[in-house]
Amino acid sequence: GRKFFVGGNFKMNGTIKSIKEIVHNLSTSKLDPDTEVVIAPPSLYLLLARGHLSPNIEVAAQNVFDKPHGAFTGEISVSQLKDSNITWTLLGHSERRTILREQDDFVATKTKAALDGGIGVILCCGESLEEREQGVTTDVVTRQLQAVNKTIGKDGWKNVVIAYEPIWAIGTGKVATTEQAQEVHAAIRKWISEAVSSEVAEQTRIIYGGSVNEKNCRELAKQTDVDGFLVGGASLKPEFVQIINAKA
Ligand code: 13P
């Protein structure tokens, strides 16, 4: 079976004080041992979070660069994450694709660099409202994933968690229905079985993100192809613990 996976994406939020409080709350709460938990604070606070967290919780960067070191002002390398005991990174979040104009190919080279350097990747994909209304959701999501598939090959997927995050559901309070989420997750798994292999399709975690909260998480978690969540706003609040325990 696939281990349930819940990520907290803090985005550009938090202070030393608030992140210490969140980390303390998580470290002292009773968390379902069958759920893998990863939090992604802003890069400035990665070491702070790592230093205060209990070891059963992992830490992710929100982004990483694809070059090993050198004159790349403002960027962080995969080996620097490793050096700091940061074991995961988010990549391809819709806010980076839209606001920072990241293209599929750039997300793909960064994914390859992270995996080659031994860092797990939470790879985000998802369609806009306009794309959903045009009926091209599956095309958009599989195009985003195929760019990565071309660079990483079959073995790379072992250390990738796919986060399906419909853009219209992010930060809007408008969560996808359980049927909408299940439908796209199943389409992604079918695409993996065709484009990679049935074994990889069976093993890859596909998590849902977009307005997940303590009220809607349990129904979503019951869907066959929903293997966890990527949580934004609610990951900054005490209710994140209830979301982590959605399957318990
Ligand atoms: P919200 O949970 O705030 O909608 O954000 C989802 C998200 O973008 C997680 O990466």
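First, a word on scope: everything that follows refers to the structure included in this document. Position numbers for residues count from 1 along each chain, tracking the sequence in the order it is written. Reporting of local features is limited, given that this is a predicted model, to residues whose pLDDT is at least 70; pairs of side-chain atoms are given and counted only at 80 or more, and all residues count toward the totals for whole chains, interfaces and linings. By convention in this description, side-chain values take in all heavy atoms of the structure and omit both hydrogens and water.

**Structural notes on the sheet that holds strand β2 (residues 35-40)**
Piece 1. Strand order around the closed barrel formed by eight strands is β1-β2-β3-β4-β5-β6-β7-β8, with parallel pairing between neighbours. Taking the axes of each pair of neighbouring strands and ignoring which way they run, one obtains an average angle of 25 degrees across the sheet.
Piece 2. Note on contacts: a residue pair is in contact if any heavy atoms of the two residues lie within 4.5 Å. Axis lines are fitted through C-alpha atoms, for helices just across the contact stretch, and the angle between N-to-C directions can take any value from 0 to 180 degrees. By the criteria applied, helices consist of DSSP H or I runs no shorter than four residues and strands consist of E runs no shorter than two, each listed in order from the N terminus. Sheet contacts for helix α8 (residues 178-195): β5 (120-125), β6 (160-164) and β7 (206-209); angle to β7, the most-contacted strand, approximately 145 degrees. The criterion for strand pairing is that DSSP finds at least two bridges linking the strands in question.

**Some points on the pairing of β7**
Piece 1. Three labels apply to residues, based on accessible area from a 1.4 Å probe with only protein chains included: buried if under 20% of the type maximum, exposed if over 50%, partly exposed otherwise in between. Of the two faces of β7, the one holding Ile206 and Tyr208 and the one holding Ile207 and Gly209 are both buried throughout.
Piece 2. Two strands pair when backbone bridges link them, and β6 and β7 are joined in this way by three bridges, in the parallel orientation. Across the sheet, alanine 163 pairs through a bridge with isoleucine 207, a residue of β7.
Piece 3. Both β7 and strand β8 (residues 228-231) contribute to a ladder of two bridges, which runs parallel. Bridge pairing links tyrosine 208 to phenylalanine 229 in β8.

**Some details on the pattern of salt bridges**
Piece 1. When a carboxyl oxygen of Asp or Glu is within 4 Å of a side-chain nitrogen of Lys or Arg, the pair counts as a salt bridge. All chains considered together, the criterion is met by 16 salt bridges.
Piece 2. Close ionic contact of glutamate 202 with arginine 2 constitutes a salt bridge, the shortest N to O distance being 3.4 Å. Residue glutamate 202 is found in helix α9 (residues 198-203), and its partner arginine 2 is found in the segment before β1 (4-9); the two are separated by 200 residues along the sequence.
Piece 3. Judged by its relative accessible area of 52%, glutamate 202 is exposed.
Piece 4. Between lysine 11 and glutamate 95 there is a salt bridge, with the nearest N and O atoms lying 2.8 Å from each other. Residue lysine 11 is located in the loop between β1 and α1 (16-28), and its partner glutamate 95 is located in helix α4 (residues 94-98); the two are separated by 84 residues in the primary sequence.
Piece 5. Connected via shared salt-bridge partners are Arg2, Arg189, Glu202, Asp225 and Asp227.

**Points about the site of the ligand**
Piece 1. Only heavy atoms are used to decide nearness, and a residue is near a molecule or strand if one of them lies within 4 Å of it. Contacts to the ligand come from 13 residues, most closely from Lys11, His93, Gly171, Ser211 and Gly233.
Piece 2. Whenever two N or O atoms come within 3.5 Å, that pair is a polar contact, provided that in protein one can donate a hydrogen and the other can accept it, and provided that, for residues adjacent in sequence, both atoms are side-chain atoms. Take lysine 11: an N or O atom from its side chain is 2.8 Å from an oxygen atom of the ligand.
Piece 3. Contact between the ligand and glycine 233: an oxygen atom at 2.8 Å from a main-chain N or O atom of the residue.
Piece 4. Here, Shrake-Rupley sampling with a 1.4 Å probe gives the accessible areas, and only protein chains in the shown set may cover a residue. Notes on the ligand: free accessible area 310 Å², of which the protein chains cover 94%.
Piece 5. Of the residues in the shell around the ligand, the class split is four nonpolar, seven polar and two charged. Polarity classes work like this: nonpolar for Ala, Val, Leu, Ile, Met, Phe, Trp, Tyr, Cys and Pro, charged for Asp, Glu, Lys and Arg, and polar for all others, with Gly in that last group.

**Describing the nonpolar core**
Piece 1. If you look at the biggest cluster of nonpolar residues, it comprises 67 residues, and the most contacted ones within it are Trp157, Ile162, Ile188, Ile192, Tyr208 and Phe229.
Piece 2. Not counting residues up to four positions away in its chain, the partners in contact with tyrosine 208 are Tyr164, Pro166, Ala169, Val175, Ala176, Ala181, His185, Leu220, Val226, Gly228, Phe229 and Leu230.
Piece 3. Counting twelve residues, the second-largest nonpolar core is a separate cluster that includes Phe5, Ile122, Cys124 and Ile207. In this text, buried Ala, Val, Leu, Ile, Met, Phe, Trp, Tyr and Cys residues form a nonpolar core when linked through side-chain atoms within 4.5 Å.

**Structural notes on the environment of asparagine 63**
Piece 1. Structurally, asparagine 63 is set in the loop between β3 (57-61) and α3 (78-83).
Piece 2. Once the C-alpha coordinates of asparagine 63 and leucine 90 are considered, the two residues, 27 residues apart in sequence, prove to be 5.5 Å apart.
Piece 3. Not counting residues up to four positions away in its chain, the partners in contact with asparagine 63 are Glu75, Thr89, Leu90, Leu91, Arg96, Glu102 and Lys110.
Piece 4. Side-chain polar atoms of asparagine 63 contact the side chain of lysine 110, separated by 2.8 Å.

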